[in-house]
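If you want the building blocks of each chain, they are given just below.
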Amino acid sequence: MIFLTTAIDYPNGSPHIGHAYEKVLTDVLARYHRLCGQKVYFLTGVDQHGQKMVRTAEEQGVNVATLAKKNTKKFTKLLDALSISNDGWAETIDPTHKACVQKILQHLHDDGQLYKKSYQGYYSIRQEQFLTDQERDTDGNFGPEWGEVEERKEENWYFKLSEHTAWLREAMQSNVVGIEPAFRKNEVLNAIEKAESTDLCISRPKERLSWGIPLPFDEDFVTYVWFDALINYISFAGYLKDDDSELPNFEELWPAHLHVIGKDIMVPAHSIYWPCMLHAIGFSDEQMPNLLVHGWWNIRGEKMSKSLGNIVDPMELVDAVGTDAVRYYLARDIVTGKDSDFDTERLFVLFNSEMANGLGNLLNRSLNMTKASLDGKLESYQHDDEECQLVRKSHASLLENFPQKMAEHDLRGALEALVSFITDVNTFAERTKPWELKKDESKRDQLTAVLHHMCESCALASILLQPFLPDAAAKMQGQLNAAHLAELQIKDLQWGLLPAGQTINKPKPVFPRLQAQETD
Ligand code: MSP
């Protein structure tokens with residue numbers, strides 16, 4: 001099973017919180033599927049070609065290859081800082097990728113899927129594509145999204161996209177190509193109509209752009225950056241690899257389980273070009289991708305941009321609040337598929353109330369009281385009552401709801417279910433008052449039962465937290481002295497993860513409270 005997410009570019013600067021979100025979202029899903037016992041291959045990377053790269057390198061007075069390396073380093077540093085567990089790493093300047101792109105191009109050329117023609121029209125430098133009248137707004141102009149537009153006459157190579165659009169329409173309607181959330185499908189169906197009359201220009205003349213993968217059958221051209229970048233999803237998954245390559249076996253990974261992408265690159269790149277490219281290469285309907293299209297993080301409803309100066313830098317944020325808090329907030333405060341406002345104050349409030357005060361407090365009091373009352377050793381007990389039953393009921397409903405939410409890719413819903421369980425167990429502690437029970441020797445059996453319920457609840461929480469906050473989950477399991485928890489899969493989870501006789505370790509804060517921000 002393979003999880004794919006975009007190859008980031010952003011030649012002008014550093015990655016921002018939107019990039020961080022996409023990587024965290026995919027990482028949580030990949031880790032969750034590993035927790036379900038599935039063999040997962042998670043691939044992400046960087047998109048290093050294209051005209052924007054060349055322009056930026058010129059502006060900065062550096063060699064374009066040097067700029068690509070510099071940017072790539074920023075992204076790998078970000079992945080480390082966010083504890084992203086990708087198995088594969090894609091860099092589109094890698095010779096293995098280049099060889100795969102060229103083999104595919106040659107195959108399409110030999111198969112009659114490509115042709116050369118001359119074209120005169122308007123060209124968007126920002127989007128690196130020719131524009132048609134369909135891209136004009138109601139006033140007849142090309143909108144600001146296209147940036148600088150110039151008139152150009154050029155000979156280029158084209159891919160017969162229009163020959164695949166009838167198939168694509170059918171494939172989209174019958175969910176052969178999956179799109180999630182479902183409300184995005186109409187947007188794609190409308191876009192297919194446009195694609196029906198236009199083929200895709202897949203080359204750029206070398207005299208204008210040399211930074212790209214040369215067409216194997218015409219040395220005067222390099223490959224259009226999107227055509228090159230999309231192929232990263234299969235080239236780095238081992239498609240057409242050499243026998244001695246260390247890449248994975250493509251047949252074991254494909255079809256891709258999920259392509260996690262942002263809403264801005266669904267049309268046309270991922271929902272039109274990409275399935276049609278795969279179809280033309282010879283991929284069957286069963287090998288078509290499923291797209292999970294996420295929304296954007298904005299700032300007070302506005303897009304983050306350099307010109308507005310409102311970009312949130314994920315590295316600075318990790319330095320300020322730590323990896324756990326950043327991952328928690330990015331998973332917790334957005335509905336998958338929709339937009340959300342990034343709000344540092346909410347990050348503080350959610351992490352402090354749900355993790356520091358909620359789970360942190362539960363872990364701390366469970367371990368401290370077990371140490372102080374039972375000498376750190378869970379014992380067998382006979383006591384049961386309504387309060388204990390409520391905890392077990394909440395435990396059972398978490399075990400039902402959490403996997404359901406994760407199957408729907410609803411990370412926020414899954415965390416809400418976990419938090420609601422933690423709240424129930426903290427309420428249980430406050431109602432049963434183990435600190436009082438401790439003073440009365442006749443209540444020893446009840447005390448043992450209460451503390452066992454609390455520690456058992458921490459054990460379950462630590463496992464479900466693993467995909468979201470892997471480092472914190474590991475610390476919790478260390479303090480519970482229960483390394484075996486890390487080996488369990490979702491299907492193994494039930495009441496009774498901690499046996500009687502289990503000796504717990506000393507508690508240390510796992511979710512330190514974030515210091516309140518200075519606000520006036
Ligand atoms: N290089 C192409 C992708 C090629 S994949 C074959 C690209 N790169 S990008 O760096 O511009 O964007 C990478 C991803 O980040 C996209 O999925 C995009 O939607 C996402 N985001 C960019 N800004 C974002 C937010 N503000 N919020 C959430 N995600 C955002 O496109």
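Above this note sits the structure.
Residues numbered from 1 in each chain as written. Predicted model: local features only at pLDDT ≥ 70, side-chain atom pairs only at ≥ 80, totals over all residues. Heavy atoms only, no water.

## Quick look at the packing of aromatic side chains
Now for step 1: A full pass over the atoms with the stated rule returns 20 aromatic pairs.
Now for step 2: Taken together, a centroid distance of 4.9 Å and an interplanar angle of 75 degrees make the contact between Tyr-119 and Phe-130 edge-to-face. Here the residue Tyr-119 occupies a position in strand 4 (residues 114–124), and Phe-130 occupies one in strand 5 (residues 129–131), the gap between them amounting to 11 residues.
Now for step 3: A relative accessible area of 24% means that Tyr-119 is categorised as partly exposed. (Phe/Tyr/Trp six-rings, centres within 6.5 Å; stacked < 30°, edge-to-face > 60°. Helix = DSSP H or I, 4+ residues; strand = E, 2+ residues; numbered from the N terminus. Buried < 20%, exposed > 50% of the residue type's maximum accessible area, 1.4 Å probe, protein only.)

## Focus: the site of the ligand
Now for step 1: Surveying the vicinity of the ligand reveals 23 residues, the closest of which are Ala-7, Asp-9, Glu-22, Asp-47 and Asp-264.
Now for step 2: In the model, an oxygen atom of the ligand is placed 3.2 Å from a nitrogen or oxygen of the Trp-296 side chain.
Now for step 3: Within the backbone of Trp-297, an N or O atom sits 3.0 Å from a nitrogen atom of the ligand.
Now for step 4: When isolated, the ligand has an accessible area of 660 Å², and the protein chains bury 94% of it.
Now for step 5: Contributing elements (two or more residues each) for the shell around the ligand: strand 1 (2–8), helix 1 (17–35), helix 7 (225–230), helix 8 (232–235) and strand 12 (256–262).
Now for step 6: Of the residues assigned to the shell around the ligand, the class counts are 10 nonpolar, nine polar and four charged. (Near = heavy atom within 4 Å. Polar contact = N/O pair within 3.5 Å; in protein donor to acceptor, adjacent residues only side chain to side chain. Areas by Shrake-Rupley, 256 points an atom, 1.4 Å probe, with all protein chains shown as cover. Nonpolar A, V, L, I, M, F, W, Y, C, P; charged D, E, K, R; others polar.)

## A look at the nonpolar core
Now for step 1: Phe-342, Leu-465, Phe-468, Leu-480 and Phe-511 are the most contacted members of the largest nonpolar core, which has 94 residues in total.
Now for step 2: Counting residues per element, this core draws most heavily on helix 17 (residues 444–465), at 12 residues.
Now for step 3: Other than its neighbours up to four places away in sequence, Phe-342 contacts Ile-17, Trp-297, Asn-298, Ile-299, Val-312, Leu-317, Tyr-329, Leu-330 and Leu-347.
Now for step 4: Among the nonpolar cores identified, the runner-up in size contains 61 residues, and Leu-43, Ala-90, Ala-171 and Ile-179 belong to it. (Core = buried A, V, L, I, M, F, W, Y, C linked by side-chain atoms within 4.5 Å. Contact = heavy atoms within 4.5 Å.)

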